[in-house]
Amino acid sequence: REGGISAYSLYTGSVTGQWSGGGTVVSCIGVKEIADDGSLLLYFGNSTLGGGLPSPCKLVCLDAYLMEEQWSVTLSANGWDELPNGCIASPVVGEKALEGMVYFTLTGMIPEERKNGETVSVLIALDADTGDILWQKSLSGRTVSSPVAAYGDDGKGYLYRADGEGTLYMVDGLTGETVDSLSL
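For clarity, every value in this text was computed on a predicted model and none was experimentally measured. Throughout, a residue's number is its position along its own chain's written sequence, starting from 1. A pLDDT threshold of at least 70 governs which residues receive local features in this predicted model, and a stricter bar of 80 or more applies before side-chain atom pairs are shown or counted, although totals over entire chains, interfaces and linings include all residues. Excluding hydrogens and water, the side-chain values take into account all heavy atoms of the structure.

Draft legend 1. Summary view of a nonpolar patch on the surface. Residues enter a patch when their relative accessible area is above 30% and they make no salt bridge; the linking distance is 9 Å between like charges and 5 Å between nonpolar side chains (Val, Leu, Ile, Met, Phe, Trp, Tyr). To measure how exposed things are, a 1.4 Å probe is used in the Shrake-Rupley method; for residues, cover is taken only from the protein chains shown. Here a salt bridge means any side-chain nitrogen of Lys or Arg lying within 4 Å of a carboxyl oxygen belonging to Asp or Glu. A cluster of nonpolar side chains, V148, Y160, L168, L182 and L184, forms an exposed patch at the surface whose accessible area comes to about 460 Å². Secondary-structure assignment places L168 in strand β15 (residues 167-172). A run of DSSP states H or I qualifies as a helix once it reaches four residues; a run of E qualifies as a strand once it reaches two. Both are numbered from the N-terminal end.

Draft legend 2. Molecular detail of the packing of aromatic side chains. Here a Phe, Tyr or Trp ring, Trp counted by its six-membered ring, pairs with any other such ring whose centre lies within 6.5 Å, and the pair is stacked when the planes are under 30 degrees apart, edge-to-face when over 60, and tilted otherwise. Throughout the structure, instances matching the rule amount to 3 aromatic pairs. Look at W19 and F44: their rings are 5.1 Å apart centre to centre, the planes differ by 75°, and that puts the pair in the edge-to-face class. Residue W19 is found in strand β2 (residues 15-20), and its partner F44 is found in strand β5 (residues 39-48); the two are separated by 25 residues along the sequence. Side by side, W19 and F44 carry an identical accessibility label, which is buried. Should the NZ of a Lys or the CZ of an Arg lie within 6 Å of a ring centre and within 35 degrees of the ring normal, that charge is described as sitting over the ring. Positioned over the ring face of Y169 is K137, at 5.8 Å from the centre of the ring. Note on exposure labels: buried denotes an accessible area under 20% of the residue type's maximum, exposed denotes more than 50%, and partly exposed covers the range between, all computed with a 1.4 Å probe on protein chains only.

Draft legend 3. Quick look at the pattern of salt bridges. Taken as a whole and judged by the stated rule, the model has 2 salt bridges. The residue E99 makes a salt bridge to K32 at a minimum N-O spacing of 3.6 Å. Pair noted here: E99 is in the loop between β9 (92-93) and β10 (101-109) and K32 is in strand β4 (residues 30-34), with a separation of 67 residues, a long-range link. Here K58 and E69 are joined by a salt bridge, their closest N and O atoms 3.1 Å apart. Of the two residues, K58 is situated in strand β6 (residues 55-63) and E69 in strand β7 (residues 68-77); the sequence distance between them amounts to 11 residues.

Draft legend 4. View of the nonpolar core. By nonpolar core we mean a set of buried residues, namely Ala, Val, Leu, Ile, Met, Phe, Trp, Tyr and Cys, connected to one another through side-chain atoms within 4.5 Å. By size, the foremost hydrophobic cluster in this structure holds 18 residues, and its most contacted members are Y43, L59, V102, F104, L106 and L126. Residue assignment for this core shows that the elements contributing at least two residues are β5, β6, β7, β10 and β11 (120-127). L123, A125, W135 and L139 belong to the second largest nonpolar core, which has 11 residues in total.

Draft legend 5. Looking closely at the sheet that holds strand β14 (residues 157-162). Reading across the sheet, the 4 strands line up as β13-β14-β15-β16 and stay open at both edges, with antiparallel pairing between neighbours. Every interior strand has two partners, whereas the edge strands, β13 (148-151) and β16 (178-183), have only one. Neighbour-to-neighbour, the strand axes of the sheet open up by a mean angle of 20°, direction not taken into account. For two strands to be treated as a pair, DSSP must find at least two bridges joining them. Here 5 bridges tie β15 to β16, and the two strands are oriented antiparallel to one another. Across the sheet, the residue bridging to M170 is D180, located in β16. Structural elements are reduced to axes, namely lines fitted to C-alpha atoms, with helices fitted over the stretch in contact, and the angle between N-to-C directions of any two is expressed from 0 to 180 degrees.

Draft legend 6. Fine view of the side chain of N46. Positionally, N46 belongs in strand β5. N or O atoms closer than or at 3.5 Å make up a polar contact, with two conditions inside protein: a donor-capable atom paired with an acceptor-capable one, and, for residues adjacent in sequence, both atoms drawn from side chains. Engagement of the side chain of N46 in a polar contact is seen with the backbone nitrogen of K58, the distance being 2.5 Å.

Draft legend 7. Region of the structure containing the pairing of β10. Counting buried positions along β10 yields 9 of 9 residues, so the element is predominantly enclosed. In terms of strand pairing, strand β8 (residues 85-87) meets β10 through 2 bridges, oriented antiparallel. Bridge pairing in β10 links C87 to L106. As judged from the 2 bridges shared by β9 and β10, these two strands associate in the antiparallel manner. Bridged to V93 within β10 is V102. By the bridge criterion, 7 bridges tie β10 to β11 in an arrangement that is antiparallel. When the bridges of β11 are listed, V102 appears paired with L126.

Draft legend 8. Up close: unusual backbone geometry. For M67, which is not glycine, the phi dihedral falls at a positive 55°. Relative to the helices and strands, M67 resides in the loop between β6 and β7. Phi is positive for K96, close to 50°, though the residue is something other than glycine. Here K96 shows up in the loop between β9 and β10.

Here's what the structure looks like:
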């Protein structure tokens, strides 16, 4: 099934623009307003259902007013099971020390060095302006919840992220390095 996003007029209720880009958009949308030109950027990803073959997972930055893709990144997701794979969790748009970054949790991803048909979940950081991958961190098991950003008195930005095996991680938002973890 093709997924997409539609914009509606608040005054008339009519459709003012549409974007369709493949897969089902399941995640909530991260929003960033650009004060300089007043544009509104939406960050989201799609998910796929199995079916026997690897499927693409597309992460997108969309100009909400023009309904134009600013950038997209396509990664391979597992297609061998019947569970949703790809971007199911909501992205986090960085603020303060993490300004200019956007974070996605992807589940059922195919690692580059695949062992025994395994798939993993990944926390991935992208440049919010270009879509360039800055870092990625593998997570255990199926992970479908969204990360949470927090900002310390020291000015640093951290992501709190749980994996599918019951471990909560505190991750440095700039580097992807684990600062601390707690087994729940």
